[in-house]
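Listed below, chain by chain, are the residues.
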Amino acid sequence: MNSESGMTSPGTSAVHKPPVYIISAPSGSGKSTLVAKLLQLVPNLDFSISYTTRLPRGTEENGKEYFFISRDEFQRMIDADEFLEHAVLYGIDFYGTARTVLREAERKGRDVLLDIDVQGAKQIKQKLPEAVSIFILPPDRKTLEWRLRHRGEDNDQVIQRRLVTARREIENYDKYNYILINDDLQESVESLEAIVRAERLSRSGRPLTDEEKGTVALADRCRLANIRDRVRRILDSFSPPEGSGA
Ligand code: ADP
Ligand code: 5GP
């Protein structure tokens with residue numbers, strides 16, 4: 001038994017049931033930044049490459065960030081029941097996680113990280129209730145707007161649309177196991193790493209060292225029950241001004 005991941009070693013009889021980590025966040029919260037750091041820090045964790053009908057942006061490459069496919073091909077995959085989950089985002093683009101992702105992880109004995117939106121997360125939780133879900137939040141609306149502007153990828157209209165969408169997404173916060181408020185980047189990276197390591201430790205079923213207990217305590221700070229009030233205040237910061245009709 002691999003003590004940390006809770007997986008079985010090659011050659012043992014039990015099948016590795018890949019622990020699945022779901023990460024969602026309003027655009028601009030820092031999810032890509034945090035996921036990239038997490039994948040560097042935690043071994044045995046594979047990023048699930050989704051399928052999408054949207055066009056590649058900037059330096060994106062087919063098969064790296066996404067598999068970029070046509071609408072017809074996406075529809076063919078839906079009809080063939082090849083998706084574990086899929087969703088339409090911003091009313092135009094399709095995004096989906098292929099069932100093969102789990103089969104591959106099972107075969108390789110690795111854990112899987114899904115970077116998917118709140119609709120996809122809901123579908124995965126229905127099919128795999130044991131999946132660990134993490135919602136990343138900005139500290140408040142102003143900070144999110146600042147990050148979106150300074151990222152320099154979107155025009156004003158797109159930024160306003162992302163901010164409106166953010167509020168709707170954040171309303172789903174209580175469907176997630178953990179909430180990570182991405183204020184100080186280094187602290188957030190440490191908390192995210194602690195969540196994955198603590199989940200692995202809980203599956204190992206063995207007594208924990210003091211250091212490991214510290215990891216679990218750090219992760220526990222992000223548990224929904226321990227952070228609900230702060231999340232409510234963040235949600236309030238996204239409330240439309242009275243009388244705006246928004
Ligand atoms: P997302 O993937 O959620 O859309 P990004 O990872 O692209 O967000 O981050 C949005 C912007 O905010 C980027 O310019 C990134 O460098 C910056 N950023 C991310 N996390 C932090 C943080 N904790 N503090 C300050 N800036 C951050
Ligand atoms: P972007 O187009 O900016 O890369 O991603 C937009 C949104 O799509 C992000 O919130 C991301 O998490 C989500 N997303 C990416 N892949 C999938 C997927 O396979 N399924 C679902 N439901 N959402 C996805």
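Here is what the cut-offs are and how they apply
Residues numbered from 1 in each chain as written. Chains lettered and ligands numbered in written order. Predicted model: local features only at pLDDT ≥ 70, side-chain atom pairs only at ≥ 80, totals over all residues. Heavy atoms only, no water. Phe/Tyr/Trp six-rings, centres within 6.5 Å; stacked < 30°, edge-to-face > 60°. Near = heavy atom within 4 Å. Polar contact = N/O pair within 3.5 Å; in protein donor to acceptor, adjacent residues only side chain to side chain. Helix = DSSP H or I, 4+ residues; strand = E, 2+ residues; numbered from the N terminus. Nonpolar A, V, L, I, M, F, W, Y, C, P; charged D, E, K, R; others polar. Buried < 20%, exposed > 50% of the residue type's maximum accessible area, 1.4 Å probe, protein only. Pairing = 2+ DSSP bridges. Salt bridge = Lys/Arg side-chain N within 4 Å of Asp/Glu carboxyl O. Arc of directions from axis to C-beta. Contact = heavy atoms within 4.5 Å. Axes fitted to C-alpha atoms, helices over the stretch in contact; angles between N-to-C directions. Left-handed = near helix turned anticlockwise from the far one by under 90°. Core = buried A, V, L, I, M, F, W, Y, C linked by side-chain atoms within 4.5 Å. Areas by Shrake-Rupley, 256 points an atom, 1.4 Å probe, with all protein chains shown as cover.

**Regarding the packing of aromatic side chains**
Right, so step 1: Inspection of the entire model under this criterion finds seven aromatic pairs.
Right, so step 2: In this structure an aromatic cluster arises from ring pairing among Y51, F67, F74, F83 and F94.

**Some words on the site of ligand 2**
Right, so step 1: In the vicinity of ligand 2, 15 residues are found, and the nearest of them are S50, R54, Y66, Y95 and D115.
Right, so step 2: Between an oxygen atom of ligand 2 and a side-chain N or O atom of Y95, the distance comes to 2.5 Å.
Right, so step 3: Listing elements by their share of the shell around ligand 2, those giving two or more residues are strand 5 (83–89) and strand 6 (93–98).
Right, so step 4: The residue inventory of the shell around ligand 2, partitioned by class, reads five nonpolar, four polar and six charged.

**A look at the pairing of strand 8 (residues 132–137)**
Right, so step 1: Where burial is concerned, most of strand 8 is hidden: six out of the six residues are buried.
Right, so step 2: Across the two faces of strand 8 the burial is the same, with V132, I134 and I136 and S133, F135 and L137 all buried.
Right, so step 3: Judged from the four bridges that link them, strand 1 (residues 20–24) and strand 8 form a sheet pairing that is parallel. Bridged to I23 within strand 8 is I134.

**So, the pattern of salt bridges**
Right, so step 1: This model, assessed by the stated rule, comprises 24 salt bridges.
Right, so step 2: In this structure, the salt-bridge partner of D156 is R149, at a minimum N-O distance of 2.7 Å.
Right, so step 3: For D156, a relative accessible area of 44% gives the class partly exposed.
Right, so step 4: Residue D154 is joined to R151 by a salt bridge in which the shortest nitrogen-to-oxygen separation is 3.5 Å.
Right, so step 5: If you follow the salt bridges from partner to partner, you end up with R141, E145, R149 and D156 in one network.

**Some points on helix 8 (residues 210–220)**
Residues spaced three or four apart along an α-helix face the same direction, because each turn holds 3.6 residues.
Right, so step 1: Buried within helix 8 are the following residues: E212, T215 and A219. Buried residues in helix 8, looked at end-on, bunch into an arc of 50°, giving them a common side.
Right, so step 2: Contacts from the buried residues of helix 8 go to strand 9 (178–181) and helix 7 (185–204).

**As for the packing of helix 5 (residues 141–151) against helix 6 (residues 156–170)**
Right, so step 1: Look at helix 5 against helix 6: their axes get within 10 Å of each other, and the N-to-C directions meet at 145°. Here helix 5 runs over helix 6; the crossing is right-handed. Contacts from R141, L144, E145, L148, R149 and R151 of helix 5 reach helix 6 at D156, I159, Q160, R162, L163 and A166.
Right, so step 2: Its residues assigned to classes, the contact of helix 5 with helix 6 comprises five nonpolar, one polar and six charged.

**Points about the sheet that holds strand 2 (residues 45–47)**
Right, so step 1: Judged by pairing direction, the sheet is parallel, and its five strands sit side by side in the order 2-7-1-8-9 without closing on themselves. Two strands close off the open sheet at either side, each with one partner strand: strand 2 and strand 9. Within this sheet the neighbouring strands show an average axis-to-axis angle of 25°, counted without direction.
Right, so step 2: Relative to strand 7 (residues 111–115), strand 1 runs parallel, the two sharing four bridges.

**A few points about the nonpolar core**
One broad rule of soluble globular proteins: the nonpolar side chains tend to lie buried together.
Right, so step 1: Judged by nonpolar contacts, the single largest core of 32 residues is most densely connected at I22, L114, I124, F135, L137 and I179.
Right, so step 2: A per-element tally of this core places helix 9 (residues 224–237) first, with five residues.
Right, so step 3: Apart from residues lying up to four places away in sequence, I22 is in contact with L114, I116, A121, I124, K125, A131, V132, S133 and I134.
Right, so step 4: Of all hydrophobic cores here, the second largest spans 22 residues; its members include V132, L180, A198 and A219.

**Remarks on the site of ligand 1**
Right, so step 1: Around ligand 1, the surrounding shell holds 13 residues, and the nearest of these are G28, K31, S32, T33 and R151.
Right, so step 2: Measuring from an oxygen atom of ligand 1, one finds a side-chain N or O atom of S32 at 2.4 Å.
Right, so step 3: Contact distances for ligand 1 include 2.8 Å between an oxygen atom and a side-chain N or O atom of R151.
Right, so step 4: Out of a free accessible area of 560 Å², ligand 1 has 75% covered by protein chains.
Right, so step 5: At the level of elements, helix 1 (31–41) and helix 5 are the ones that each hand at least two residues to the shell around ligand 1.
Right, so step 6: Ranked by residue count, the leading element in the shell around ligand 1 is helix 1, at three residues.
Right, so step 7: Partitioned by chemical class, the residues of the shell around ligand 1 number two nonpolar, seven polar and four charged.

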